[in-house]
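Secondary and tertiary structure notes
Single-letter residue listing:
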Amino acid sequence: MLARLMQYGFVVPDSIAAELAPELYAGVLRDKPVGAMRRVFENLRLGRYERFRSFLPKPAELSALIDDAARHDRDMLRIERERLRGIEERRQLSVTISPEERQRRRQKAAEVRAMMAGIAASRTVQAAGEHDDQR
């Protein structure tokens, strides 16, 4: 990838000896995520990094760019996992209930509605009685 960037016209910074550059960059790139490296090199090639449009980043700067890209990948993966977990939780909550459970829930709801109607009716009667006493 570095060789290809050099073919595109990128130059090694003056502070790095040209004969040591492959070894220095290889040491920094070792054990880095390949997907993040590809994205960073593609962004370098396309000139998306303001500071690095004509020369290669120093090995430490390149390492930091790749680490940032890998962190972004991990964050996106975490967000996607959380989204999928939420979908799974909602799916589990919406599992169909048995006809017996559905009937039991309807009866319970009817009992609560009847209780609420009774309370509302008793309050209406009490309120009407209070108004009669005030006359």
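Scoring rules and cut-offs
- Residues numbered from 1 in each chain as written.
- Predicted model: local features only at pLDDT ≥ 70, side-chain atom pairs only at ≥ 80, totals over all residues.
- Heavy atoms only, no water.
- Core = buried A, V, L, I, M, F, W, Y, C linked by side-chain atoms within 4.5 Å.
- Buried < 20%, exposed > 50% of the residue type's maximum accessible area, 1.4 Å probe, protein only.
- Helix = DSSP H or I, 4+ residues; strand = E, 2+ residues; numbered from the N terminus.
- Contact = heavy atoms within 4.5 Å.
- Axes fitted to C-alpha atoms, helices over the stretch in contact; angles between N-to-C directions.
- Parallel < 35°, antiparallel > 145°, perpendicular 65-115°, else oblique.
- Left-handed = near helix turned anticlockwise from the far one by under 90°.
- Nonpolar A, V, L, I, M, F, W, Y, C, P; charged D, E, K, R; others polar.

Further remarks concern the nonpolar core. With 21 residues, the main nonpolar core has Val40, Phe41, Leu44 and Leu62 as its most contacted residues. Mapped by element, the contributors of at least two residues to this core are helix H1 (2-7), helix H2 (21-29), helix H3 (34-45) and helix H4 (59-93). If near-sequence neighbours (up to four positions away) are discounted, Leu44 is found in contact with Leu5, Phe10, Tyr49, Phe52, Pro57 and Leu62.

Moving on: the packing of H2 against H4. For any two helices packed against each other, the geometry is given by the interaxial angle and the distance between the axes. Contact pair H2 / H4: the axes reach a minimum separation of 9 Å and the direction vectors enclose 25 degrees. The orientation of H2 with respect to H4, classified from their angle, is roughly parallel. Classified by chirality, the crossing of H4 by H2 is right-handed. Judged by residue contacts, Leu24, Tyr25, Val28 and Leu29 of H2 engage Pro59, Leu62, Ser63 and Ile66 from H4. Residues of the contact of H2 with H4, tallied by class, amount to seven nonpolar, one polar and no charged.

On to unusual backbone geometry. In this structure, Asp31 takes a positive phi of about 70 degrees despite not being glycine. Taking relative accessible area as the criterion, Asp31 reaches 76% and is therefore assigned exposed.

Next up on the list: the packing of H3 against H4. Relative to each other, H3 and H4 sit at 120 degrees, their axes nearing to 8 Å. Looking at the two axes, H3 sits oblique to H4. Seen from above, H3 lies across H4 with right-handed handedness. Contacts between H3 and H4 involve Ala36, Met37, Arg39, Val40, Phe41 and Leu44 from the former and Leu62, Leu65, Ile66, Ala69, Ala70, His72 and Asp73 from the latter. Residue composition of the contact of H3 with H4, by class: ten nonpolar, one polar and two charged.

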